[in-house]
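Okay, here's what each chain looks like letter by letter:
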Amino acid sequence: MTEPITMAPATGEDVTRRSALVALFIGISAIAAGYLAAFTTAGTPIWAAWLLALGIPVALGAIMILGAARGRRGIGPLKIPFAFVVVVLVIGFGAALALPATEGPLSTLWLGLPARAAIVIYGVGLLPIVVLPLAYALTFETQTLSAEDVERVRVLARENQAATDNVPREPIDDKLRG
Amino acid sequence: MIQTTGVSALLQVALPNAARPAVVAVGILYFAVVLGISVWAARRTRTAADFFVAGKGIGLVALTVASVSVSVSGFAFIGGPGFIYAVGLGAMYIVLPAAVTNVMGAWVLAKRMRLLGEARALITIPDAIGARYRSRGAQGLSAIAILVGIVGYMATNALAMGVVINSIFGVGLGWGIWIGMGVTLAYSASGGILAGIYNDVFQGTLMAVASVLVFLFVLNFGGGLGEISRTILAHDPTFLGPWGKITPLAALSFFFVFSMGSLGQPQAVHKYYMLRDPLQLKWYPLLKTLGLVLVLLLYFSVGVGVKSFVLSGRLAPLASPDQATPALLLNVTPIILAALVFSGIAAATMSAANSFINIGAAIVTHDLPVAFGRRVKNELRWGRAVTVLIAIAAAITAQRSGTMVAFLGIFGWGLFASTLVPALAVGLNWQGATRAGAMASIATGLIVTLALETAAYWKVFTFPAGVTASAVAMVSSFLVFFIVSWVTRHAALAQIDPDVKLVMDL
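The rules behind these values
Residues numbered from 1 in each chain as written. Chains lettered and ligands numbered in written order. Predicted model: local features only at pLDDT ≥ 70, side-chain atom pairs only at ≥ 80, totals over all residues. Heavy atoms only, no water. Helix = DSSP H or I, 4+ residues; strand = E, 2+ residues; numbered from the N terminus. Buried < 20%, exposed > 50% of the residue type's maximum accessible area, 1.4 Å probe, protein only. Contact = heavy atoms within 4.5 Å. Areas by Shrake-Rupley, 256 points an atom, 1.4 Å probe, with all protein chains shown as cover. Rg over C-alpha atoms; globule rule 2.2 N^0.38 Å. Core = buried A, V, L, I, M, F, W, Y, C linked by side-chain atoms within 4.5 Å. Phe/Tyr/Trp six-rings, centres within 6.5 Å; stacked < 30°, edge-to-face > 60°. Axes fitted to C-alpha atoms, helices over the stretch in contact; angles between N-to-C directions. Parallel < 35°, antiparallel > 145°, perpendicular 65-115°, else oblique. Left-handed = near helix turned anticlockwise from the far one by under 90°. Expected span 1.5 Å × (residues − 1). Bend = angle between axes of the 7 residues up to and from the residue. Buried area = accessible area lost by both parts, 1.4 Å probe. Salt bridge = Lys/Arg side-chain N within 4 Å of Asp/Glu carboxyl O. Nonpolar A, V, L, I, M, F, W, Y, C, P; charged D, E, K, R; others polar.

Take the overall build of chain A next. When helices and strands are counted, chain A shows eight helices and two strands. The burial tally for chain A puts 46% of its 178 residues in the buried class. Sequence separation of 24 or more characterises 67% of the internal contacts of chain A that already satisfy a separation of 6 or more. Summing over all exposed atoms, chain A offers an accessible surface of approximately 8500 Å²; the carbon and sulfur share of this is 71%.

Encoded structure:
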């Protein structure tokens, strides 16, 4: 079921979206700081890569939450797959940065790859595939789009069409309107 | 950047002459199928909506395969495996984001784009930006940004087509460009995006089949991934480290630009308008992700496999990393598999070119006139005419200096990402975003990308290792978008029409 659409300002009530925006801003700022650090004359400090390793998962998680949030309902059960994926990315990047380089002829292989490479390829590259698209499909009607949602948009479109005498609407800047 | 890097990588490659009878025969068969699909589609294209968004009538599977096809260029077959061969697993950070990008695009853009198409009969990306901010200025500015990116993409794709067709048929680079662009033009101008979509379906299927077969062949030839890894670890353990031979910052930069930047790629985002039933979006991310994984199997397996085969002496050392795929195909695999892959590479470049021709034509005949308060009377007829002009201009440009073409091709992905991601992807999900924020963000992305890429290309300025113009431009564009929207927040809600607000609230 869909909730009634209110014309109240979103900023006052939509905690999930506001939190996602703050997280997105923080994530992007962390990435920006990582790049700025690379311009220092002493060379790129190690923490610059850590800023990206943390900032990228936060930014990606935040923008997904921003897109998935529905008013006061927030993201509902999607909080679990979103948290899972952000954690997987942080752990994957973090492990690649933090674990010692032990690759060699005698390395133990995990599904054909040395440990750190396996964490990145199978963890970062494959685990989200198992979780996110299925979470999207399984919550689609309740969290993303229902037949009622589509019908509401179509009804409004028909009303607009009738009001504008079958002429498609064009974007108009306020000053041009005047 | 899969597209840009791919084209740029192809430019560096003098692909070996592969004109063996089997390769030529499969190539001819490939072009015959493409032309057959084009004739069929041309008979079904009657309106501008048919031409630019396939009348919003594409089914789920067709749209998914087509979307996979335009998301991957020749880079996945030539430049990418060569890049892995050169730097090891660090090159995987270009394709690892595919695990999240499709579903991220679905959550952030697909539903709202498709519903906006329903509410307003929109057909382009700038249409959506214009509707969101109720601004002709924002629509026009985003149209200009996309057009600048397309100029580069088209020239480099035309040249890449020439390189591949010359390799298959041995006709020379100049003729390769004209043949490739001529065939692409034939179906772009006659059947518009409808022909493009169904050719993409054929081309995407071809790419996936070729990729899976090569993957299986490499594993079998190498005795499994474990044996391949053991050979590499005995000679060059850094290759299989988590960053390969590049710095962590560089690898993570790839991941950032290719993941977040995917939300601004018009050739993929534009597809959301075309789905027949919005409710079919339910399975779109899963199918597209699986399709991309199949197509990208070749990228990983050839890069790692050829490294192992060269180290073990089963394959002669390569003249350059970009020869990894051609060397494997022409010296190790059965010739029919080589024929499939070479046709797959041609398919990848043509698919990308068609998509950009169509988007460019829509901008010239639809978005720019709307931005100036005009309407083209017969968008279908003018769309076809502009399609021809864009294709000819691209082919002529591709015949010119390789240096200039290479420069044009560098900034496409980054330009789309930095100009469109904040204004479109964040803007459609944040009612506090403002017209001023969007326009400032688009302008920032455009200026920063062009300035930094120009300075770097002409060696006026050198970035620290791991920092790219694309990443800096995208971060700058985001920050400008947030700051300007916050400063002008008093105007935010007044700039959203009720139907757009409904779409944003759902």
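Of the regular secondary structure elements, chain B holds 21 helices and zero strands. For 506 residues, the compact-globule formula gives about 23 Å, and the C-alpha radius of gyration of chain B, at 22 Å, lands near that figure. Projected onto its principal axes, the C-alpha positions of chain B cover 70 × 50 × 45 Å. Long-range pairs, those at least 24 residues apart, make up 86% of the contacts in chain B between residues at least 6 apart in sequence.

So, about the nonpolar core. Formed by 224 residues in total, the largest nonpolar core has its most connected members in Leu24 of chain A together with Leu109, Met113, Phe256, Met260 and Val426 of chain B. Residues in contact with Met260 of chain B, not counting those within four places in the same chain, are Leu24, Ala59, Leu60 and Ile63 of chain A together with Met104, Val421, Met474 and Phe478 of chain B.

A few words on unusual backbone geometry. Peptide bonds are, in most cases, trans, and in most cases residues other than glycine have a negative phi. At Leu111 of chain A, a position not held by glycine, the phi torsion is positive, near 50 degrees. When its relative accessible area of 67% is taken as the criterion, Leu111 of chain A is described as exposed. In this structure, Ala121 of chain B takes a positive phi of about 55 degrees despite not being glycine. Its location among the elements puts Ala121 of chain B in the loop between helix H6 (98–120) and helix H7 (125–133). Using a relative accessible area of 48% as the deciding quantity, one classes Ala121 of chain B as partly exposed.

Another point: the packing of aromatic side chains. The final tally for this structure, using the stated rule, is 25 aromatic pairs over all chains. Between the aromatic rings of Tyr136 of chain A and Trp107 of chain B, the centroid separation amounts to 5.3 Å while the plane-to-plane angle is 80 degrees, which identifies the pairing as edge-to-face. Of this pair, Tyr136 of chain A sits in helix H5 (residues 115–138) while Trp107 of chain B is found in helix H6, placing the two residues in two different chains. Take Trp107 of chain B: its relative accessible area is 2%, and that puts it in the buried class.

Here we take up the packing of helix H8 (residues 136–169) of chain B against helix H19 (residues 435–457) of chain B. All names here are of chain B. Packing of H8 against H19 brings their axes to within 9 Å, and their N-to-C directions diverge by 20 degrees. Accordingly, the angle class assigned to the pair H8 and H19 is roughly parallel. The way H8 lies across H19 gives a crossing that is left-handed. Every residue of H19 that contacts H8 at Gly137, Ala138, Leu141, Ser142, Ala145 and Val148 is listed here: Met439, Ile442, Ala443, Leu446 and Leu450.

This part is about the environment of Gly67 of chain A. The topology assignment puts Gly67 of chain A in helix H3 (residues 46–68). Separated by 32 residues in the primary sequence, Gly67 of chain A and Leu99 of chain A place their C-alpha atoms 34 Å from one another. Not counting chain neighbours up to four residues away, the residues in contact with Gly67 of chain A comprise Trp107, Val108, Arg112 and Asn429 of chain B.

All right, on to helix H13 (residues 284–311) of chain B then. Residue and element names in this part refer to chain B. The end-to-end C-alpha distance of H13 is 41 Å, a good match for the 40 Å that 28 residues give at a rise of 1.5 Å each. Its maximal kink placed at Leu296, H13 deviates by approximately 35 degrees. For H13, the buried fraction is high: 23 of the 28 residues fall into the buried class. Positive backbone phi, at 85 degrees, marks Gly313, one or two positions downstream of H13.

A few words now on the interface of chain B and chain A. The figure often quoted for interface size is the accessible area lost as the parts come together. Contacts between chain B and chain A engage 82 residues on the former and 86 residues on the latter. Summed over the three residues of chain B that lose the most area to chain A, namely Trp107, Lys282 and Leu506 of chain B, the buried surface amounts to 10% of that side. The interface formed by chain B and chain A contains two salt bridges. With 13 residues, the single largest contributor to the side of chain B that touches chain A is H6 of chain B.

Right, let's get into the packing of H5 of chain A against H13 of chain B. Two elements in contact, H5 of chain A and H13 of chain B, have axes whose closest approach is 8 Å; the angle formed by their N-to-C orientations is 150 degrees. With respect to H13 of chain B, the element H5 of chain A is oriented roughly antiparallel. Facing H5 of chain A, whose interface residues are Ile129, Pro133, Leu134 and Tyr136 of chain A, H13 of chain B presents Pro285, Leu286, Thr289 and Val293 of chain B. Counted by class, the contact of H5 of chain A with H13 of chain B contains seven nonpolar, one polar and no charged residues.

We now examine the pattern of salt bridges. Overall, the coordinates contain 13 salt bridges over all chains when judged by the stated rule. Glu151 of chain A is the partner of Arg158 of chain A in a salt bridge, and the nearest nitrogen-oxygen pair spans 3.0 Å. For Glu151 of chain A, a relative accessible area of 37% gives the class partly exposed. The network of salt bridges with common partners includes Arg120, Arg134, Asp497 and Asp499 of chain B.

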